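So the chains spell out like this:
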Amino acid sequence: MANKRDYYEVLGVDKNATDEDIKRAYRRKAKECHPDLHPDDKDAADRFKELNEANEVLSDANKRARYDQFGFEDPMSGGGGNPFGGAGGFDFGGMGDIFDQLFNGGMGSRAARNQGPVQGNDLQYELKITFEEAAKGCEKSFEIYRSEVCDTCGGNGAKPGTSPVTCQTCRGTGQIRSSGGWMTTVRPCSACGGTGKTITDKCPGCGGSGRVRRKRTVNVKVPAGIDNGQTIVMNNQGEPGLRGGPNGDLYIVVGVRPHKLFKRDGYNLMLDFPISFVTAALGGDVEVPTLSGPVKYRIPEGTQPGAEFRIKGCGIQQLRGSGKGDLLLRIKVEIPKKLNNKQKDLLKQFDEMTTDKEYESRKSFIDRVKEIFG
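Procedures and definitions
Residues numbered from 1 in each chain as written. Predicted model: local features only at pLDDT ≥ 70, side-chain atom pairs only at ≥ 80, totals over all residues. Heavy atoms only, no water. 1 Å grid on protein atoms, 1.4 Å probe; cavity = no way out; pocket = protein on both sides within 12 Å on 5 of 7 lines; lining within 4 Å. Points joined across faces, edges and corners; volume = space filled by probe spheres on them. Helix = DSSP H or I, 4+ residues; strand = E, 2+ residues; numbered from the N terminus. Buried < 20%, exposed > 50% of the residue type's maximum accessible area, 1.4 Å probe, protein only. Pairing = 2+ DSSP bridges. Axes fitted to C-alpha atoms, helices over the stretch in contact; angles between N-to-C directions. Salt bridge = Lys/Arg side-chain N within 4 Å of Asp/Glu carboxyl O. Contact = heavy atoms within 4.5 Å. Patch = residues over 30% accessible without salt bridge, like charges linked within 9 Å, V, L, I, M, F, W, Y side chains within 5 Å. Areas by Shrake-Rupley, 256 points an atom, 1.4 Å probe, with all protein chains shown as cover. Core = buried A, V, L, I, M, F, W, Y, C linked by side-chain atoms within 4.5 Å. pLDDT = per-residue confidence, 0-100. Phe/Tyr/Trp six-rings, centres within 6.5 Å; stacked < 30°, edge-to-face > 60°.

> In this structure, what is going on with the layout of surface pockets? I would like to understand it.
Left-over empty space is what a probe sized like a water molecule reveals as it rolls over the atoms. Taken as a whole, the second largest pocket spans an internal volume of roughly 830 Å³. Considering the residues around the second largest pocket, the lining is formed by 19 residues, among which Phe277, Ala281, Phe350, Glu358 and Tyr359 are closest to the centre. Counting only elements with at least two residues in the lining of the second largest pocket, the list comes to helix H8 (277-282), helix H9 (341-353) and helix H10 (360-373). Ranked by residue count, the leading element in the lining of the second largest pocket is H8, at five residues.

> Explanation requested: the pairing of strand E9 (residues 250-256) in the structure shown.
Remember that side chains alternate between the two faces of the sheet whenever the strand is regular. Of all seven residues in E9, seven are buried, a share of seventy percent or more. Because side chains alternate across E9, one face comprises the buried residues Leu250, Ile252, Val254 and Val256, and the other comprises Tyr251, Val253 and Gly255, equally buried. As paired strands, strand E1 (residues 123-129) and E9 are joined by seven bridges and run parallel to one another. Residue lysine 128 lies in a different strand from E9, and its bridge partner there is glycine 255. Of the pairings in the sheet, the one linking strand E8 (residues 231-234) to E9 comprises four bridges and is antiparallel in character. Within the sheet, the bridge partner assigned to valine 233 lies in E9 and is tyrosine 251.

> Help me out: how do you make sense of the sheet that holds strand E14 (residues 308-311) in this one?
By way of backbone hydrogen bonds, the strands of a sheet pair with one another, either parallel or antiparallel. Strand order across the open sheet formed by four strands is E10-E11-E15-E14, with mixed pairing between neighbours. The open sheet has two free edges, formed respectively by strand E10 (263-265) and E14, since each of these has just one partner strand. Each neighbouring strand pair of the sheet contributes to a mean axis angle of 35°, computed without reference to strand direction. Note: E14 against strand E15 (residues 327-334), four bridges, orientation antiparallel.

> Can you walk me through unusual backbone geometry in this structure?
Residues apart from glycine generally show negative phi values, whereas peptide bonds are mostly found in trans. The residue arginine 171 is not glycine, and still its phi comes out positive at about 60°. With respect to the helices, strands and loops of the structure, arginine 171 is situated in the loop between strand E3 (165-166) and strand E4 (175-180). Its identity is not glycine, yet asparagine 236 carries a phi of approximately 65°, on the positive side. Structurally, asparagine 236 can be placed in the loop between E8 and E9.

> I tried to follow the pattern of salt bridges on my own but got confused; where do I start?
For side chains bearing opposite charge, pairing can occur when the charged atoms are close. Considering all chains together, one arrives at 21 salt bridges under this definition. Between glutamate 126 and lysine 128 there is a salt bridge; the shortest N-O distance is 3.9 Å. Exposure remark for glutamate 126: the relative accessible area of 40% places this residue in the partly exposed category. For the salt bridge of aspartate 326 with arginine 310, the shortest nitrogen-to-oxygen distance reads 2.9 Å. Highlighted residues: aspartate 326 in the loop between E14 and E15 and arginine 310 in strand E14, separated in sequence by 16 residues. Linked by salt bridges that have partners in common, Arg146, Glu148, Asp151, Arg214 and Arg216 make up one network.

> Looking at this structure, I do not really get the side chain of serine 147. What am I missing?
Of note, serine 147 is situated in strand E2 (residues 138-149). Residue serine 147 is classed as buried on the basis of its relative accessible area of 19%. With sequence-adjacent residues up to four places away left out, serine 147 is seen in contact with Arg211, Val212, Arg213, Glu239 and Pro240.

> Would you take a moment to explain the sheet that holds E9 for this structure?
One open sheet holds the three strands; their spatial order is E1-E9-E8, and the pairing between them is mixed. Looking at which strands have only one partner, the edges of the open sheet turn out to be E1 and E8. Strand-to-strand twist across the sheet, computed as the mean angle between neighbouring axes with direction ignored, equals 25°.

> What is the right way to look at a nonpolar patch on the surface in this model?
Taken together, the side chains of Phe277, Val278, Leu282, Ile335 and Leu347 make up a nonpolar region of the molecular surface, amounting to roughly 450 Å² of accessible area. Among the elements that line the nonpolar patch, the one with the most residues is H8, at three residues. In this structure, leucine 282 sits in helix H8. Residue leucine 282 is classed as exposed on the basis of its relative accessible area, which comes to 60%.

> Before we go on, may I ask you to explain the nonpolar core in this structure?
One recurring pattern in soluble globular proteins is that nonpolar side chains are buried together. In terms of nonpolar packing, the biggest core is built from 37 residues, with Ile129 and Leu327 touching the most fellow members. Judged by nonpolar contacts, the second largest core, of 18 residues, contains Tyr8, Phe48, Val57 and Leu58.

> Any chance you could explain the confidence of the model for the chain here in plain terms?
In low-pLDDT regions, the fine details of the predicted coordinates are not to be read closely. The predicted model of the chain has a mean per-residue pLDDT of 83, with 85% of residues at 70 or higher. Below pLDDT 50 for its whole length, residues 74-81 participates in 15 contacts with residues either more than four positions away or in separate chains. pLDDT under 50 marks residues 85-113. Its contacts with residues more than four places away, or in other chains, come to 61 contacts.

> What am I meant to see in the packing of aromatic side chains here?
Each aromatic ring pair is described using two quantities: the centre-to-centre distance and the angle formed by the ring planes. Considering all chains together, one arrives at four aromatic pairs under this definition. Judged by centre distance (4.0 Å) and plane angle (5°), the ring pair of tyrosine 125 and phenylalanine 142 falls under stacked. Of the two residues, tyrosine 125 sits in strand E1 while phenylalanine 142 sits in strand E2, which places them 17 residues apart along the sequence. Looking at phenylalanine 142, the relative accessible area reads 5%, which means it is buried. Considering the side-chain rings of tyrosine 297 and phenylalanine 309, the 5.9 Å spacing of their centres and the 45° angle between planes classify their relative orientation as tilted.

This is the structure we're talking about:
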């Protein structure tokens, strides 16, 4: 067990985490390491398997209690066992049933849960949108595949005209009890999977599973201001639950394509804006592009390379808010590379007419050099 990581560490939660904390952490981590979302990551499948193993234990109150008390070591097997299964499948077998007896008053809780409502699986989709769509909001449609209740049998898995029958092995309880000495163990019935029902004639539409896979079109409204990597949750749009359980949710992970001009910093936009050295020296009006169209801005005289100017309200719409960020101009002074003789002569004349007083940075540098080296 030395190579197994602590389950709380795997999920990134502390030992006092609530059930809701664990659920949120699992969903967040699942997006980070799901193999389907990271096809080029060879370790994603192992991390996802490890994550599922940790969630299987910590999301179940009984398993979590045993893990908190015993860790990975099984006190009933001389210190060499693992009460949470070997390969992430969590098949407790007889030992799990013994623990169920000890911690649940012999009520066979696992088997009972197999007959109760179960929430449907959550689904995840990665939606790609443009920079402008993220800034201004948009409506998108996409297609997903999900398992749904079979229309032929209504989800019970039996051929039309027939019904599931009471399991003869467990007589409908979903549990098999066995006694040995002072202890009675309870395990799910293998004949019916703990449901208490078996199917004699399977539905031809779903093969007895009660589910069929269908393609569905999903329409989603993307709010203005959403950023790359953020998630939109569509409640009850996941797969349907079992035995009356609620539907799962659909998690839409938004991927924003980069812009050719702008970069985003929170709700602000950054723009590298080139100007001529004449405009930098004399100042002047320039036309600045924004996501809503060009605006005029006056560059003050004496602007230095790297100077930043802020244009209020020309940034990104705040998510679920009314305000906007700003546009930050980062000035790049462009020096022409090819000059004709007349241009060179004029610049030489200009240089002869200037003194160190016109170049504050250069004068300050020369003064520091004199101070250091005399």
